[in-house]
Amino acid sequence: MQGPSCARPASRGWLRDSGGDAESDRDIKTHFRVCRFIMETGVKLGMRSVPVATACVLYHRFFQRVSVQAYEPYLVAMSCVYLAGKVEEQHTRTRDIINVSHRYFNSGSAPLECDKEFWDLRDSVVQCELLILRQLNFQVSFEHPHKYLLHYLLSVKSLVNRHGWSRTPVAETSWALLRDCYHGVMCIRHMPQHIAIATLHLALNSYGVELPVGDKEWWKVLCVGVTKAHIDAVVSDLLQLYDMEAKCI
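Undergrad: I'm lost on the overall build of the chain in this one. Help?
TA: From N to C terminus, the chain includes twelve helices and zero strands. The N-to-C order of helical and strand elements in the chain reads α-α-α-α-α-α-α-α-α-α-α-α. On C-alpha atoms alone, the chain measures out to a radius of gyration of 20 Å, which is about the 18 Å that the 2.2 N^0.38 rule sets for 249 residues. Seen along its three principal axes, the alpha-carbon backbone of the chain occupies a region of about 65 × 35 × 35 Å. A total of 249 residues make up the chain; the buried ones form 52% of that total. Long-range pairs, those at least 24 residues apart, make up 78% of the contacts in the chain between residues at least 6 apart in sequence. Total accessible area on the chain is roughly 12500 Å²; 51% of this is exposed by carbon and sulfur atoms.

Spelled out as structure tokens, the structure:
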């Protein structure tokens, strides 16, 4: 069965259109909202953090190459979730993705019936997945900051008083900041090591946690080659995302 294309204006009734405004600020807001949709959908599907991060990176890299006015962003997002599950070996059924997405826009509604509309939408998700693969030249495996942040957290924890560490949610805050980085293109603009060290740096500063002073700054010891300018650039981009979040409410 030939499903509808993921190119606009052929979008399903419950898929929201972000409009045809070419202003970059509107596009940034659209991408922010769609990535929030990806994350909430991933949580409801029981996906791990790395597959969700991969879905966001797929989405951002796709729209680096094409205009958001040319394709329905929420359909692309659904296909990114589907593809990310394959890439990260946490396969998710298209039916589950479609039903969770349907509930996202229609709170409290029943799952979609397996009628023509459902099968057309399923075909669109699969067709859009192939489009994403072609646009990205099948380069869909990415290095994420997660493993670096885990290593940095374990290293920093060994330098801090055990009771002081337990009283401050540095680890939880670092992971939350890292997750928030995927709402914007900063997750593909900066090196994963720099994102990891910057989120930890911001979390430590937020709670006033001080590390022992040595010959080098702690972040230079943990991440060879990183500079204060790299950290400041990541933090600046993250703070801009939080400003964007306020505008999207």
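Undergrad: It is not clear to me how the nonpolar core should be interpreted in this structure. Could you clarify?
TA: Nonpolar side chains in soluble globular proteins tend to be buried together. Ranked by size, the top nonpolar core spans 81 residues in total, and within it Ile38, Tyr59, Val76 and Leu200 carry the most contacts. The dominant element in this core, judged by the number of residues it contributes, is helix α3 (residues 73-87), at ten residues.

Undergrad: Would you mind going over a nonpolar patch on the surface with me for this structure?
TA: Together, Leu150, Leu154 and Trp175 line one region of the surface with nonpolar side chains, adding up to about 290 Å² of accessible area. Relative to the elements of secondary structure, Leu154 occurs in helix α6 (residues 146-157).

Undergrad: How should the pattern of salt bridges be read in this particular structure?
TA: Going through the model one piece at a time under the given rule, you end up with eight salt bridges. Between Lys29 and Asp25 there is a salt bridge, and its shortest N-O distance comes to 3.7 Å. Here the residue Lys29 and the residue Asp25 both occupy positions in helix α1 (residues 24-44), the gap between them amounting to four residues, near one helical turn. Salt-bridge contacts for Lys86 lead to Glu129; the nearest nitrogen and oxygen are separated by 2.9 Å.

Undergrad: Got a minute to help me understand the layout of surface pockets in this structure?
TA: Gaps left between atoms are located by rolling a probe of water-molecule size over the structure's atoms. Considering only enclosed or pocket space, the largest pocket measures out at about 380 Å³ in volume. If you trace the largest pocket, you find 16 residues lining it, with Ile28, Gly184, Val185, Arg189 and Leu241 closest to the centre. Mapped onto the lining of the largest pocket, the elements with two or more residues apiece are α1, α2 (49-65), α9 (186-189) and α12 (228-248). The dominant element in the lining of the largest pocket, judged by the number of residues it contributes, is α12, at six residues. Class assignment for the residues of the lining of the largest pocket results in six nonpolar, six polar and four charged.

Undergrad: What exactly am I supposed to notice about helix α5 (residues 116-135) here?
TA: Three- or four-residue spacings in an α-helix give side chains the same orientation, since the helix completes a turn every 3.6 residues. Helix length check: α5, at 20 residues, gives a terminal C-alpha distance of 28 Å against a target of 28 Å (1.5 Å per residue), a fit within 8%. Within α5 the residues assigned to the buried category are Phe118, Asp120, Leu121, Asp123, Ser124, Val125, Cys128, Glu129, Leu131, Ile132 and Leu133. In this structure, the buried residues of α5 make contact with α2, α3 and α4 (94-105). Positive backbone phi, at 55°, marks Asn137, one or two positions downstream of α5.

Undergrad: How should I be thinking about the state of the cysteines in this particular structure?
TA: By definition, a disulfide links the sulfur atoms of two cysteine residues through a covalent bond. Applying the stated criterion across every chain yields a total of zero disulfides. Cys128 supplies the cysteine sulfur nearest to Cys80, a cysteine that is in no disulfide, at a spacing of 7.1 Å. A relative accessible area of 0% means that Cys80 is categorised as buried. The thiol of Cys223 is unpaired, and the distance to the nearest cysteine sulfur, on Cys181, comes to 14 Å. Look at Cys223 and you get buried, because its relative accessible area is 4%.

What counts, and at which threshold
Residues numbered from 1 in each chain as written. Predicted model: local features only at pLDDT ≥ 70, side-chain atom pairs only at ≥ 80, totals over all residues. Heavy atoms only, no water. Helix = DSSP H or I, 4+ residues; strand = E, 2+ residues; numbered from the N terminus. Rg over C-alpha atoms; globule rule 2.2 N^0.38 Å. Buried < 20%, exposed > 50% of the residue type's maximum accessible area, 1.4 Å probe, protein only. Contact = heavy atoms within 4.5 Å. Areas by Shrake-Rupley, 256 points an atom, 1.4 Å probe, with all protein chains shown as cover. Core = buried A, V, L, I, M, F, W, Y, C linked by side-chain atoms within 4.5 Å. Patch = residues over 30% accessible without salt bridge, like charges linked within 9 Å, V, L, I, M, F, W, Y side chains within 5 Å. Salt bridge = Lys/Arg side-chain N within 4 Å of Asp/Glu carboxyl O. 1 Å grid on protein atoms, 1.4 Å probe; cavity = no way out; pocket = protein on both sides within 12 Å on 5 of 7 lines; lining within 4 Å. Points joined across faces, edges and corners; volume = space filled by probe spheres on them. Nonpolar A, V, L, I, M, F, W, Y, C, P; charged D, E, K, R; others polar. Expected span 1.5 Å × (residues − 1). Disulfide = S-S within 2.5 Å.

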